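Survey of secondary and tertiary structure
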Amino acid sequence: MVIFLKGMGPLLLLFILGLWLVSPSLTQGNDRERHFLTQHYDSKPKGRDDKYCEKIMRRRGLTQPCKELNTFIHGDYRRIKAVCGDEAGKPYKEGRFRISNSPFQITSCKHQGGSARSPCKYRATPGFKYIVIACEHGLPVHLDHTIIAN
């Protein structure tokens, strides 16, 4: 057994070095996905009115200063993630983004002017729109914009 491990030493070292180099990029992708989820995902919204926007924007830390505009995507996260693949999305803007094949239920929260400091007042606009997202390693990391479903 010791002879076997001795001969495998260089390969084992190469394998461990490879994991060490790859891990930060995977972790970074997960951090970007987590940021996307914090800013743009709410599976089961309560109300979808102005009070909903004010509450969720505050809870998600998007009011220091008041964010001008933010969109929340509702429903099953697996559907959003699937836009990163060919079954639910397609390339958009020379392949830099992915556009959904079907609309999603969304709520856009628009800051109602005044001070950029809390308390922030928001206007809610619910609707169904196609989403345009950026993906890394098959995970959504950025919501670029939404397009009205006809």
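Overview of the structure.

Reading the values: the criteria
Residues numbered from 1 in each chain as written. Predicted model: local features only at pLDDT ≥ 70, side-chain atom pairs only at ≥ 80, totals over all residues. Heavy atoms only, no water. Helix = DSSP H or I, 4+ residues; strand = E, 2+ residues; numbered from the N terminus. Buried < 20%, exposed > 50% of the residue type's maximum accessible area, 1.4 Å probe, protein only. Contact = heavy atoms within 4.5 Å. Areas by Shrake-Rupley, 256 points an atom, 1.4 Å probe, with all protein chains shown as cover. Phe/Tyr/Trp six-rings, centres within 6.5 Å; stacked < 30°, edge-to-face > 60°. Disulfide = S-S within 2.5 Å. Polar contact = N/O pair within 3.5 Å; in protein donor to acceptor, adjacent residues only side chain to side chain.

What follows covers the overall build of the protein. A tally of helices and strands in the protein yields three helices and six strands. In the protein, the order of α-helices and β-strands from amino to carboxyl end is α-α-β-α-β-β-β-β-β. When burial is assessed residue by residue, the protein has 35% of its 150 residues classed as buried. Relative to all contacts within the protein whose residues are 6 or more apart in sequence, the contacts with residues 24 or more apart total 60%. Accessible surface, the protein as shown: approximately 9,800 Å² in total, 59% of it carbon and sulfur.

Under the definition given, this model contains two aromatic pairs. With a centroid separation of 6.4 Å and 75 degrees between ring planes, the pair formed by Y52 and F72 is classed as edge-to-face. One end of the pair, Y52, is in helix α2 (residues 50-59); the other, F72, is in strand β1 (residues 69-73), with 20 residues separating them in the sequence.

Between Q64 and the following residue, P65, the backbone shows a cis peptide bond with an omega angle of 0 degrees. Relative to the elements of secondary structure, P65 occurs in the loop between α2 and β1. In the segment running from S118 into P119, the intervening peptide bond is cis, with an omega of 0 degrees. Within the fold, P119 resides in the loop between β4 (104-111) and β5 (122-136). The phi dihedral of R48 falls on the positive side, at around 55 degrees, and the residue is not glycine. Here R48 shows up in the loop between α1 (2-40) and α2.

This paragraph deals with the state of the cysteines. Counted under the stated rule, the structure contains three disulfides. Paired through a disulfide, C53 and C109 show a sulfur-sulfur distance of 2.1 Å. Of note, the bridge from C53 to C109 carries an S-S torsion of about -75 degrees and is left-handed in sense. Of this pair, C53 sits in helix α2 while C109 sits in strand β4; the two residues are 56 residues apart in sequence, bridging distant segments of the chain. Comparing C53 with C109 shows no difference in burial state: the two are buried. Each disulfide pairs two cysteine sulfurs, and for C84 the partner residue is C135, the sulfurs being separated by 2.1 Å. The sign of the S-S torsion, about -80 degrees, decides the handedness of the disulfide formed by C84 and C135: left-handed. Pair noted here: C84 is in the loop between α3 (77-82) and β2 (89-92) and C135 is in strand β5, with a separation of 51 residues, a long-range link.

Let's shift gears to α2. All buried positions along α2 are accounted for by Y52, C53, E54, I56 and M57. Packed against the buried residues of α2 are β1, β4 and β5. Of the residues flanking the end of α2, it is G61, one or two places downstream, whose phi is positive at about 75 degrees.

Inspection of the secondary structure assignment puts T107 in strand β4. Here R48 takes part through its side chain, which lies 2.9 Å from a polar atom of the side chain of T107. Those residues in contact with T107 that lie beyond four places of it in its chain are R48, Y52, C53, N70, T71, F72, H74, A124, T125 and P126.

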